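So you can see what is in the structure, the chains are spelled out below.
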Amino acid sequence: MTANHEENTGPLLFFDTGVGGLSILREAQKLVPNAPIVYAADYSGMPYGMKSDAELSTRIPLLLGRLVERYKPQLVTIACNTASTIALDVVRSVLDIPVVGTVPAVKPASLLTETGVIGLLGTRATIRQPYVDRLAAEFAADKTLIRFGAPDLVHAAEAKLRGEIVDQHIIDNAVAGLTSQENGQDIDTVILACTHFPLLQDELQKSFTRDIKFIDGSQGIARRIAYLTSGTIWPEMPENGIFVTSGPLAQLTPYRQALAEFGLTKLEKL
């Protein structure tokens, strides 16, 4: 996909199950700070990591089709690793605008590690995907990649954004899921293969006994978004962003303060 050099005033649409995609939006707003934003959270479908591939490959394109019809975005970012690894190709085939996906950052992690042992935290759906096997074979064939599915981290990240205290036991269990495996004590780099997980990076580091290099794809995705929209003339001042949910609007009340920090002050129901 080449850069878009035609004037297009449509917003950027970010899609996730919950607030995890804010880790992507944060980096994107550093590069395109005045871009109008629509952030869609499929709360009624959460958690994706526990759903079948068949269910998600049907659900996600249908939801994104409705969102694109309503908000007329110029670009869609699937800010969810699980959704991307399962449904990205299908979504691209049905939408006629650029679609940016989120995939585990295996390649940069393989360049960062000094011990040669890399941890990967994701949802259960993400870590079982053949796509991850292919990334490992292509970019980390001479490394040890240790995977662990940690769905409870999604709920911990959501709790943190609601202003609640994070349950450190959830964090410790996720870290132990990596370090208790063979060669796990040698992990020096951890791929955060769920967009919720960067929101818990400080808590995760506390649970490791050594300094860890955490890596996710957010900065690379932000650069891709900026490139694909490089011809856009953005508003001189950022507009109030829209947060749309497939769940009850009342569910968003505890998130209002956190969402406002991203300029997402208009709350709507899908």
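Going by the structure above, here's the rest.
Reading the values: rules and limits
- Residues numbered from 1 in each chain as written.
- Predicted model: local features only at pLDDT ≥ 70, side-chain atom pairs only at ≥ 80, totals over all residues.
- Heavy atoms only, no water.
- Salt bridge = Lys/Arg side-chain N within 4 Å of Asp/Glu carboxyl O.
- Helix = DSSP H or I, 4+ residues; strand = E, 2+ residues; numbered from the N terminus.
- Buried < 20%, exposed > 50% of the residue type's maximum accessible area, 1.4 Å probe, protein only.
- Pairing = 2+ DSSP bridges.
- Right-handed = clockwise from strand over helix to strand, strands pointing away.
- Axes fitted to C-alpha atoms, helices over the stretch in contact; angles between N-to-C directions.
- Parallel < 35°, antiparallel > 145°, perpendicular 65-115°, else oblique.
- Left-handed = near helix turned anticlockwise from the far one by under 90°.
- Contact = heavy atoms within 4.5 Å.
- Nonpolar A, V, L, I, M, F, W, Y, C, P; charged D, E, K, R; others polar.

As for the pattern of salt bridges
Applying the stated criterion across every chain, the model contains nine salt bridges. Glu-268 is the partner of Arg-70 in a salt bridge, and the nearest nitrogen-oxygen pair spans 4.0 Å. Of this pair, Arg-70 sits in helix α2 (residues 53-71) while Glu-268 sits in strand β10 (residues 264-269), and the two are 198 residues apart along the sequence. Given a relative accessible area of 41%, Arg-70 falls into the partly exposed group. The residue Asp-133 makes a salt bridge to Arg-147 at a minimum N-O spacing of 2.5 Å. Of this pair, Asp-133 sits in helix α6 (residues 130-139) while Arg-147 is found in strand β6 (residues 144-149), placing the two residues 14 residues apart along the sequence. According to the relative accessible area criterion, Asp-133 is partly exposed, its value standing at 38%.

Quick notes on the sheet that holds strand β4 (residues 99-100)
Within a sheet, neighbouring strands are paired by backbone hydrogen bonds and run either parallel or antiparallel to one another. Taken in spatial order, the six strands of this open sheet run β4-β3-β1-β2-β9-β10, and their pairing is parallel. Edge positions in the sheet fall to β4 and β10, since each has one partner strand and no second. Where strand β1 (residues 12-16) and strand β3 (residues 75-78) come together, four bridges link them in parallel fashion. Looking at the pairing, Leu-12 lines up with Leu-75 of β3.

Remarks on the pairing of β1
Within β1, five of the five residues are buried, leaving the element largely enclosed by the surrounding structure. Burial along β1 is two-sided: Leu-12, Phe-14 and Asp-16 and Leu-13 and Phe-15, pointing in opposite directions, are all buried. For the crossover that starts at β1, traverses helix α1 (residues 22-31) and ends in the parallel strand β2 (residues 37-41), the hand is right-handed.

Thoughts on the packing of α1 against helix α10 (residues 218-228)
Orientation of α1 relative to α10, taken along the N-to-C sense of each, is 45 degrees, at an axis distance of 8 Å. The angle between α1 and α10 places the two elements in the oblique class. The crossing of α1 and α10 is right-handed. In this structure, α1 contributes Ser-23, Ile-24, Glu-27, Ala-28 and Leu-31 to the contact, and α10 contributes Ser-218, Gln-219, Ile-221, Ala-222, Arg-223, Ile-225 and Ala-226. Classifying every residue of the contact of α1 with α10 by side-chain character gives seven nonpolar, three polar and two charged.

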